Amino acid sequence: MMIDPKTYSQIIKNDSLSELKKERNSLIEQISEYENAMDDDNIFMFSNPDPKTIYLNNHLYLAEVCRLIGKRLSHGDLNEEF
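Residues numbered from 1 in each chain as written. Predicted model: local features only at pLDDT ≥ 70, side-chain atom pairs only at ≥ 80, totals over all residues. Heavy atoms only, no water.

J.: Residues and numbers for the overall build of the protein, please.
T.: Tallying secondary structure elements over the protein gives three helices and zero strands in all. Start at the N end of the protein and walk to the C end: the helices and strands fall as α-α-α. A total accessible area of about 5,800 Å² is found for the protein, and carbon and sulfur atoms account for 53% of it. (Helix = DSSP H or I, 4+ residues; strand = E, 2+ residues; numbered from the N terminus. Areas by Shrake-Rupley, 256 points an atom, 1.4 Å probe, with all protein chains shown as cover.)

Next up, the structure:
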């Protein structure tokens, strides 16, 4: 079961900048893996939710992570390792 993007944002909102970057990179990797599998016509699996739903949600989650990173940076949170 997948959660909605706003709930996801609430879960990660207190993560450090470093943790947010790791989450962002993980989502980008998952998105790329799906796209590469689609390019190879290799994505034949049964799951619930289906791979396309996961792919869409990963994009929505990525937008939330990037929004939180931007918010941190705009508040001068550059003291953390970037």
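J.: Tell me what's going on with the side chain of Asn 58, and back it up with residues and numbers.
T.: As for its placement among the helices and strands, Asn 58 is situated in helix H3 (residues 51-74). Among all residues touching Asn 58, those that are not within four sequence positions of it are Leu 27, Gln 30 and Ile 31. (Contact = heavy atoms within 4.5 Å.)

J.: Tell me what's going on with the pattern of salt bridges, and back it up with residues and numbers.
T.: Pairing is possible between side chains of opposite charge, provided their charged atoms come close. If you walk through the whole model with that rule in mind, you get two salt bridges. Across the pair Lys 6 and Glu 64 runs a salt bridge, and its minimum N-O distance is 3.5 Å. Here Glu 64 lies in helix H3 and Lys 6 lies in helix H1 (residues 5-12), a separation of 58 residues in the sequence. Judged by relative accessible area, which is 8%, Glu 64 ranks as buried. Residues Arg 67 and Glu 64 are paired through a salt bridge, measuring 3.0 Å at the closest nitrogen-oxygen approach. In this pair, Arg 67 and Glu 64 are both assigned in helix H3, three residues apart and thus about one turn of the helix distant. (Salt bridge = Lys/Arg side-chain N within 4 Å of Asp/Glu carboxyl O. Buried < 20%, exposed > 50% of the residue type's maximum accessible area, 1.4 Å probe, protein only.)

J.: Outline H1, supporting the account with residue identities and numerical values.
T.: Listing the buried residues of H1 in full gives Tyr 8, Ser 9 and Ile 12. Projected down its long axis, H1 shows its buried positions confined to an angular sector of 100°, all on one face. Every exposed residue of H1 that faces more than 90 degrees away from the buried side is listed here: Lys 6 and Ile 11. Its side-chain oxygen at 3.1 Å from the backbone nitrogen of Lys 6, Asp 4 defines the N-terminal cap of H1. (Arc of directions from axis to C-beta. Polar contact = N/O pair within 3.5 Å; in protein donor to acceptor, adjacent residues only side chain to side chain.)

J.: Please give an account of the packing of aromatic side chains that cites residues and values.
T.: Describing an aromatic ring pair means giving the distance of the ring centres and the angle of the ring planes. Within the structure shown, the criterion is met by two aromatic pairs. With a centroid separation of 4.3 Å and 20° between ring planes, the pair formed by Tyr 8 and Tyr 61 is classed as stacked. Of this pair, Tyr 8 sits in helix H1 while Tyr 61 sits in helix H3; the two residues are 53 residues apart in sequence, bridging distant segments of the chain. In this structure, Tyr 8 and Tyr 61 share a single accessibility class: buried. (Phe/Tyr/Trp six-rings, centres within 6.5 Å; stacked < 30°, edge-to-face > 60°.)

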